[in-house]
Amino acid sequence: MDSPPPENTGKGKSTTISVYTDYLLNRISNYFPATNFVNRISNFYRGSSSGAIKRRRRKTCLPLPFPSSSSSPESSTVVCEASKIVGTLEDIMECLFLNLHYVQKNLDYWQSKAEGSNALKAYFMMCERGPSAFLYGTAQLIRNCVGEGSGVQHTYCLASSYISERINFLSSLRYRLATFLAQVYMKVDKAGEELVKDPEKPLASLLVEMNDLFLKLEASIGHFHAMRQQSSSVDESYSFPLIFEKLPEVNQEGSRWTDCEIRDAINLIYQNIDRLNTYLAAIVTIHRKPRRVTRYWIPYTCGIVGISICSLWFLRHSSLVGSSDIDNWIREAKDSTRSFWNDHVEQPLLSIRDDLFYTFRKRQKGAMEPEEVQLTADSLHRMLQAFTEQTKGEKAPPNATDQQMLEIVMMRYEKELMHPIQNLFSGELSRALLIQVQKLKLDIEEAMLELDQIIRANEINFAILAALPAFFLSLVVIMLVRSWFKQDKRAEGRGRVARIQRRLLIVEIERKIMQLESCKDQGQGKDAQCMLGLALYYLDRLYCAVEGHARATGEWISLRQDIIDLAKPDIQTAHKLRITSRMERVYDCLLPLPKRQ
């Protein structure tokens, strides 16, 4: 099977230069404390180099299992005196957490690729590893199709091998780092228990144990490289052996360490941390996921080509070549924007303001006023009253309604229609007709008054409808800005997606705790340490993700104690599972949004 081409040419040279530069800086820093100016320059150089892990001081980190000041004031005094040693242990933990996160992030990417179909794997091999891999893969595919007739199947096999090799390497590296993390944490936990029993016991012996653990990690990774060196197709991965400094056997068993001995031991630990960071930055870079520019080089290339074509088109219509098209378009765009603002923003808002504050004071006269309708109604009442009195020969009752008198008019009108020609000149027919015309006029005026009232009542609605386009446009802009600022994809966010990520961290913690118990039952000590280290890693991520939210809700003291209890190796698994169950049910920063209401 042919090996894939290298993804980035010159990577081995740049890594070699970085390693030798770090070696020289470390040799110079041997004569100074670990926090001197030269070491800071070295850290800055590695943080800005290609492919290096960005190691910055985090705001929060899973605390060390030392006794609190409330439990033993004497032990608190010892811890304060040994603050340099405690700071060194915290830096070791932070280094391991950051490197584990870097390895886990790349491992998650390759595992997601492994779960895809063969077509997606082939697309990755062809189109998501850069232009050189695209050209090489295309040529290889054509050669295999013409020669053997199985070019597609060969590409599938090559992609599966390429992805599985990186998954196996990163999984093995994560196994060793997690085991090292668990060993460090258990040593610190044991030292904390001994510190409670004997507050005068010095912490300097922890430096010797940390140095021994570094040497065990060196042997473990060296054995791992020796097993995989011949089977791997990535030769650069094994060109830089990991070699740690060994602490000289000076007063290691003594009860008192001098300040000079402690300072030298701390400097040596920091040198080993620096070598571990440098080594992991170089080795994981070769097996990491491709950069975003490499993965999306085809869309980016199409975008650059499209922008270039658009730029040439704009140049053709610009004033640089004597064309006034762009100026005319800008002028028309300004006029359209001004017209849209006036028609759909300014005028509707002014109309709504006027209708809300000046409805009854500054309204123009409508088509029909209530006074005019009342005059017509009074006139009709008098006409009906006079017609009734004249027809019956007696005065109409004072409480008679218009409807009752109108019935008398209609009865007289029906009687007069028996002889329409005669009664038109000598009877009451014409008078009854005029009364009906007056009634029709009154009905028309009342209908017009009601229509005018309906129109007046809906003027605000019409203004709101005119402002709806601007409202929806503003809403879309606000949503886009909110999503850009919020960015809830990570567990540190504030939205629903961030809460889901935090709950998934608890699920991973539960899974690692159960796997830890299973490994203990089967007598697999190394695997149990690895599971403990991965559980500590996920607890650290949860610790960093929920602190700000838990402080805002007042839950941080209780939640912090639960996370610390989950990290303790001596607590029973059943008790830890009860703690995770309570965390999912009780804490507001971990609950899904619908259950909060």
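Computed from a predicted model, the values in this text were never measured in an experiment.

### Comments concerning the overall build of the protein
- Broken down by element type, the protein carries 22 helices and zero strands.
- Per-residue burial over the protein gives 41% buried out of 597 residues.
- In the protein, once contacts between residues fewer than 6 apart in sequence are set aside, the share between residues at least 24 apart is 74%.
- Here the protein displays about 35,300 Å² of accessible surface, and carbon together with sulfur accounts for 58% of that area.

### Some words on a nonpolar patch on the surface
- A cluster of nonpolar residues, Leu-312, Leu-315, Leu-320 and Val-321, forms a patch on the protein surface that exposes about 430 Å² of accessible area.
- One can find Leu-312 in helix α11 (residues 297-316).

### Regarding a positive patch on the surface
- On the surface, a cluster of positive charge is made up of Lys-187, Lys-190, Lys-216 and Lys-526.
- A residue is classified by how much of its surface remains accessible, and Lys-526, at 51% relative accessible area, is exposed.

### What about the packing of helix α19 (residues 525-553) against helix α20 (residues 556-567)?
- At a minimum axis distance of 10 Å, the contact between α19 and α20 shows a crossing angle of 175°. Compared by their axis directions, α19 and α20 come out roughly antiparallel. Contacts between α19 and α20 involve Leu-536, Leu-539, Leu-542, Tyr-543, Val-546, Glu-547, Ala-550 and Arg-551 from the former and Trp-556, Leu-559, Arg-560, Ile-563, Leu-566 and Ala-567 from the latter.
- Tallied by class, the residues present in the contact of α19 with α20 amount to eleven nonpolar, no polar and three charged.

### Regarding the environment of Val-152
- Looking at where Val-152 falls in the secondary structure, it is placed in helix α7 (residues 151-197).
- Separated by 34 residues in the primary sequence, Val-152 and Asn-118 have C-alpha atoms spaced 9.6 Å apart.

### Thoughts on the packing of α20 against helix α21 (residues 573-586)
- One can describe the packing of α20 onto α21 by two numbers: an axis separation of 10 Å at closest approach and a directional angle of 150°. It follows that α20 is roughly antiparallel to α21 by the angle criterion. The element α20 and its partner α21 pack so that their crossing is left-handed. Of α21, the residues touching α20 (which contributes Leu-559, Asp-562, Ile-563, Asp-565 and Leu-566) are Lys-576, Ile-579, Thr-580, Arg-582 and Met-583.
- Residues of the contact of α20 with α21, tallied by class, amount to five nonpolar, one polar and four charged.

### Quick word on helix α13 (residues 370-392)
- With 23 residues, α13 extends 33 Å from end C-alpha to end C-alpha; this agrees with the ideal 33 Å at 1.5 Å per step.
- If you check which residues of α13 are buried, you get Val-373, Thr-376, Ala-377, Leu-380, Leu-384, Phe-387 and Thr-388.

### Remarks on the confidence of the model for the protein
- Overall, the predicted model of the protein reaches an average pLDDT of 77, with 75% of residues at or above 70.
- Low pLDDT (under 50) marks residues 1-20, which in the prediction has 30 contacts with non-local residues, meaning those over four places away or in another chain.
- Scored below 50 in pLDDT, residues 360-364 shows five contacts in the model against residues more than four places distant or in partner chains.

### Remarks on the packing of aromatic side chains
- In this structure the tally under the stated criterion is twelve aromatic pairs.
- Seen in terms of ring centroids, Phe-214 and Phe-244 are 5.1 Å apart; in terms of plane orientation they differ by 70°. Their pairing is edge-to-face. Taken as a pair, Phe-214 in helix α8 (residues 205-228) and Phe-244 in the loop between α8 and α9 (259-287) lie far apart in primary sequence, 30 residues in all. Judged on exposure class, the residue Phe-214 and its partner Phe-244 are both buried.
- Among the aromatic residues, those joined into a ring-pair cluster are Tyr-109, Trp-110, Phe-124 and Tyr-162.
- For the cation-ring pair, Arg-129 lies above Tyr-162, with the distance from its terminal atom to the ring centre recorded as 5.0 Å.
- The residue whose ring lies beneath Arg-166 is Tyr-162, and the NZ or CZ to ring-centre distance is 3.7 Å.

### Considerations on the side chain of Thr-278
- By the element assignment, Thr-278 lies in helix α9.
- According to the relative accessible area criterion, Thr-278 is buried, its value standing at 11%.
- A distance of 2.9 Å separates the side chain of Thr-278 from the backbone oxygen of Asp-274, its partner in a polar contact.

The rules behind these values
- Residues numbered from 1 in each chain as written.
- Predicted model: local features only at pLDDT ≥ 70, side-chain atom pairs only at ≥ 80, totals over all residues.
- Heavy atoms only, no water.
- Helix = DSSP H or I, 4+ residues; strand = E, 2+ residues; numbered from the N terminus.
- Buried < 20%, exposed > 50% of the residue type's maximum accessible area, 1.4 Å probe, protein only.
- Contact = heavy atoms within 4.5 Å.
- Areas by Shrake-Rupley, 256 points an atom, 1.4 Å probe, with all protein chains shown as cover.
- Patch = residues over 30% accessible without salt bridge, like charges linked within 9 Å, V, L, I, M, F, W, Y side chains within 5 Å.
- Salt bridge = Lys/Arg side-chain N within 4 Å of Asp/Glu carboxyl O.
- Lys, Arg positive; Asp, Glu negative; His and termini not counted.
- Charge placed at Lys NZ, Arg CZ, Asp CG, Glu CD.
- Axes fitted to C-alpha atoms, helices over the stretch in contact; angles between N-to-C directions.
- Parallel < 35°, antiparallel > 145°, perpendicular 65-115°, else oblique.
- Nonpolar A, V, L, I, M, F, W, Y, C, P; charged D, E, K, R; others polar.
- Left-handed = near helix turned anticlockwise from the far one by under 90°.
- Expected span 1.5 Å × (residues − 1).
- pLDDT = per-residue confidence, 0-100.
- Phe/Tyr/Trp six-rings, centres within 6.5 Å; stacked < 30°, edge-to-face > 60°.
- Lys NZ or Arg CZ within 6 Å of the ring centre and 35° of its normal.
- Polar contact = N/O pair within 3.5 Å; in protein donor to acceptor, adjacent residues only side chain to side chain.

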